[in-house]
Amino acid sequence: MTDTPNHGYNRPEEGTQDWGQLLNANFEALDADIELRDAGPPSSNNYDPVDGAKYLDTDTGVVYLADGSSWTETFSFGGGGGGGGGISSLTGGDGINPDSIGNGDTLSVALGEYMGIDNGAVTFGASAEWKGGGGNTAIGNNSIVGGGRDNTASGAGATVPGGLRGAAENDGSFVWNDDTRYHNIPNTSNDGLPSNTAVDGEPVTGASTFSVSVTNGFRFITGGVSSPNVTYIDGSGTLVPGGNAVGSPSGAGLRLETDDGTRVLELGVPGTDIGNRETGGNVVAGHPNNTVNNNASGVVIGGGGATNGNENTANGDYATVGGGRNNTASNNATVGGGTDNTASSGVGAPTVGGGTNNTADGLDSTVAGGADNTASNLAATVAGGLNNTANGGATVGGGGDNTASAGGATVPGGSRGAAESTNSFVWNDGTEYHDIPNLNGGNGLSSDTAVSNASGEPTGPNTFSVSADDGVRFITGGVTNPKVTYIPSDSAGWTTTSTRTVKTNIDPVEPREALAGVESMEVATWEYESEDGAGTTHIGPMAEEFHDAFDVGSSDEHINSINADGVALAAIQGLSTELDETREELAEARDELAEKDKRIAELEADSEQKDERIADLEARLAAVEDQLGDGDSQ
């Protein structure tokens, strides 16, 4: 009589006649050692819970173990009998050890190197462990699934400590999931949290990553029961530090360094400024050569900096350097970034926004950017451009080689413009009229220098100078109805839009009525009130009378030059009409006078003839009288 090789069952030798006793003993052992398989739980099918017996529910894939009095659900392979993942499908290798199975502790089946079942957990791979739970799988070398359900550790050294639906797929990865179903887990029909798949585009996935999904927040607690400090990430993803979660026990601030000791960030403790006020701690980031000098407080160096003298430097209280390289900020000054920029002042808050080699060294002065620009003294501003200078409340908007050097002076841009006088405005197209300051002998257009030989050209304070060689224009009316007033190149007079194609509601003017309107207005000489006594005299009508006479324009306090010109032309036409009529009347009068002269001449001729006849008669009468007289005397 021999034993079976795996379980020691009695096997009759050839020729044995009485097998009953041997087989009965075998059946008692088989009741505990052979897997029972049926649809539904064992209790529903009235299987006896013989101590050490195993049962597979072929509907659900759940395995039950018996302890002599009841069945206990121990683990699941996610499928049922007939090769669907039940115990009967785990074959090969060293086979099944009935002694161990009978204790309900371990089922070992060789698969590859081996496969173990520990307290209802399944493990694959060398030194893999699965501590408990259901539907869990550990198949990576030295991988661990601590418990939970439907978890997978498939990478070497991967860990899923528990939870639900976590998948540590990559070597050295760690995953814990609260059952949130982000993506499909490979090799399963489950959705959960895999280590190798991004949830929101994050790059931190794959090997050697730590992934935790907790819908309602994540917390670290330090300090013990007596003084707990909680640092947590709430459900919105906001990090909330608690107590002294990050800090220096010595109170000396916080310094972050790389593995080789290189400083990358330093957070200082509060200090005291020159006015004995308590300040916030200094913040210094960027290159380790970035420096805070003069015991400055309230300083920020945001980053940037480089080797070989290209560090960023803060030289005074409340100085700020945002980044870039080789930038310097002193008391209350700010350099936003760029290269080789300086913001410095004993008082005030000068600012250089960026660019290259710019300097703001006056109280509240500003250089926004560009290159080689300087803003000096109170509230000077250079917006950008190249090689521009603003001094003392002046502004240069940009362009190149421009200078604004007096309070309120403005050069908005262009090239080679110099607003040297208070409240002067200069824009130059780069034409080089005469020498201008701060340009190393260069030429341009200055507010203080005339460019023509004519006397009276306005220069100096409160002047507006524009040089545009190819013309100046003003456009009103917008895109739909543009109206252009301009001075063309090589001209000194205004030209306005007046073509018939842009006009509507054209109504001819009666010239004599225009003349009558002009005749009705008072035309006087006068001065503006601001010019009183200055000797500047003007001539013209009053706007109110002009508006009453002609009802044109948009205001009764102003006279549009187009309307004034039109009234003058219409009045001239009316005067011309009346002059023509007067000429006709005068011609007729001259004709009448000539006719009268002719009649007078004729009358004068008749009178002469009559005078001659009278004289003849008188002579004849005298002769008669002489004769008669002679007769009387006889």
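Asker: Would you explain the overall build of the protein in this entry?
Answerer: Of regular secondary structure, the protein possesses five helices and 54 strands. Here the protein holds 634 residues, and 28% of them are scored as buried. Across the protein, every contact between residues at least 6 apart in sequence was considered, and the portion connecting residues at least 24 apart equals 14%. Accessible surface, the protein as shown: approximately 36,500 Å² in total, 49% of it carbon and sulfur.

Asker: Help me understand the packing of aromatic side chains in this model?
Answerer: Aromatic ring pairs are defined here through the distance separating the ring centres and the angle between the ring planes. A complete count under the given rule lists nine aromatic pairs for this structure. Summarising the aromatic geometry, the rings of phenylalanine 174 and phenylalanine 210 are spaced 4.3 Å apart at their centres and angled 5° between planes, so their arrangement reads as stacked. On the criterion of sequence distance, the pair formed by phenylalanine 174 in strand β17 (residues 174–178) and phenylalanine 210 in strand β20 (residues 210–213) is long-range, its members being 36 residues apart. Plain terms: the ring middles of phenylalanine 218 and phenylalanine 220 are 5.1 Å apart, the flat faces sit at 75° to each other, and that makes the pair edge-to-face. Exposure remark for phenylalanine 218: the relative accessible area of 25% places this residue in the partly exposed category. An aromatic cluster is built from Tyr47, Tyr55, Tyr64 and Trp71, whose rings are joined through pairwise contacts.

Asker: Can you walk me through the pairing of strand β4 (residues 54–57) in this structure?
Answerer: The side chains of a regular strand alternate, residue by residue, between the two faces of the sheet. The side-chain alternation of β4 yields two buried faces, one formed by Lys54 and Leu56 and the other by Tyr55 and Asp57. Taken together, the three bridges between β4 and strand β5 (residues 62–66) define a ladder with antiparallel strand orientation. Bridge pairing links leucine 56 to valine 63 in β5. In this structure, the hairpin formed by β4 and β5 is closed by a connection of four residues, where glycine 61 is found at a positive phi of approximately 80°.

Asker: Looking at this structure, I do not really get unusual backbone geometry. What am I missing?
Answerer: Comment: phi is negative for the bulk of residues other than glycine, and the bulk of peptide bonds are trans. Even without being glycine, asparagine 387 reaches a positive phi, approximately 60°. With respect to the element layout, asparagine 387 can be found in the loop between β40 (381–382) and β41 (389–391). Given a relative accessible area of 32%, asparagine 387 falls into the partly exposed group. Of note in the backbone geometry, aspartate 401 takes a positive phi value of approximately 60° without being a glycine. As for its position among the elements, aspartate 401 is in the loop between β42 (395–396) and β43 (403–404). Look at aspartate 401 and you get partly exposed, because its relative accessible area is 22%.

Asker: What is the right way to read a negative patch on the surface from this model?
Answerer: Together, Glu544, Asp548, Asp551, Asp556 and Glu557 make up a negatively charged patch on the protein surface. Its place among the elements puts aspartate 548 in helix α4 (residues 543–550). Note on aspartate 548: relative accessible area 65%, which makes it exposed.

Asker: Before we go on, may I ask you to explain empty space enclosed by the protein in this structure?
Answerer: Tallying each qualifying case throughout the model produces two cavities of 30 Å³ or more. As a volume, the second largest cavity reaches approximately 40 Å³. Lining the second largest cavity, in full, are Ala543, Phe546, His547, Val552, Gly553, Ser555, His558, Ile559, Asn560 and Asn563. Taken together, the residues of the lining of the second largest cavity break down into four nonpolar, six polar and no charged.

Asker: Please explain the layout of surface pockets as it appears in this structure.
Answerer: One water molecule sets the probe size; rolling that probe over the atoms shows where empty space is left. Of the pockets and cavities examined, the largest pocket occupies roughly 1,600 Å³. In terms of lining, the largest pocket is formed by 41 residues, of which the most central are Ser498, Lys503, Ile562, Asn563 and Gly566. Elements with a minimum of two residues in the lining of the largest pocket: β50 (471–476), β51 (483–488), α3 (511–520), α4 and α5 (561–633). Considering every element that reaches the lining of the largest pocket, the biggest residue donor is α5, with nine residues. Taken together, the residues of the lining of the largest pocket break down into 17 nonpolar, 17 polar and seven charged.

Asker: I'm lost on the pairing of strand β46 (residues 425–428) in this one. Help?
Answerer: Because side chains alternate across β46, one face comprises the buried residues Val426 and Asn428, and the other comprises Phe425 and Trp427, none of which is buried. When β46 meets strand β49 (residues 464–467), the two strands line up parallel, connected through four bridges. Bridge pairing in β49 places valine 426 opposite serine 465.

Asker: Looking at this structure, how should I read the pattern of salt bridges?
Answerer: Charged atoms that come close allow side chains of opposite charge to pair. On inspection of all chains with the given rule, the structure shows eight salt bridges. Across the pair aspartate 179 and arginine 181 runs a salt bridge whose closest N-O atoms are separated by 3.8 Å. For arginine 277, the salt bridge is made with aspartate 273, and the minimal N-O distance between the two is 2.8 Å. The network of salt bridges with shared partners includes Arg165, Asp179 and Arg181.

Asker: What is the right way to look at the environment of glutamate 510 in this model?
Answerer: Locating glutamate 510 in the fold gives a position in the loop between β52 (495–496) and α3. Overall, glutamate 510 belongs to the partly exposed group, its relative accessible area being 37%. Each C-alpha atom of the pair glutamate 510 and alanine 570 lies 7.6 Å from the other, and the pair is 60 residues apart in sequence.

Asker: It is not clear to me how α4 should be interpreted in this structure. Could you clarify?
Answerer: Every α-helix carries 3.6 residues per turn, so stepping three or four residues along brings you back to the same face. Turning to α4, its buried residues are Ala543, Phe546 and Phe550. Down the axis of α4, the buried set is contained in an arc of 60°. They therefore lie on one face. With its phi angle positive at about 55°, aspartate 551 sits one or two positions after the end of α4.

Thresholds, definitions, all that
- Residues numbered from 1 in each chain as written.
- Predicted model: local features only at pLDDT ≥ 70, side-chain atom pairs only at ≥ 80, totals over all residues.
- Heavy atoms only, no water.
- Helix = DSSP H or I, 4+ residues; strand = E, 2+ residues; numbered from the N terminus.
- Buried < 20%, exposed > 50% of the residue type's maximum accessible area, 1.4 Å probe, protein only.
- Contact = heavy atoms within 4.5 Å.
- Areas by Shrake-Rupley, 256 points an atom, 1.4 Å probe, with all protein chains shown as cover.
- Phe/Tyr/Trp six-rings, centres within 6.5 Å; stacked < 30°, edge-to-face > 60°.
- Pairing = 2+ DSSP bridges.
- Patch = residues over 30% accessible without salt bridge, like charges linked within 9 Å, V, L, I, M, F, W, Y side chains within 5 Å.
- Salt bridge = Lys/Arg side-chain N within 4 Å of Asp/Glu carboxyl O.
- Lys, Arg positive; Asp, Glu negative; His and termini not counted.
- Charge placed at Lys NZ, Arg CZ, Asp CG, Glu CD.
- 1 Å grid on protein atoms, 1.4 Å probe; cavity = no way out; pocket = protein on both sides within 12 Å on 5 of 7 lines; lining within 4 Å.
- Points joined across faces, edges and corners; volume = space filled by probe spheres on them.
- Nonpolar A, V, L, I, M, F, W, Y, C, P; charged D, E, K, R; others polar.
- Arc of directions from axis to C-beta.

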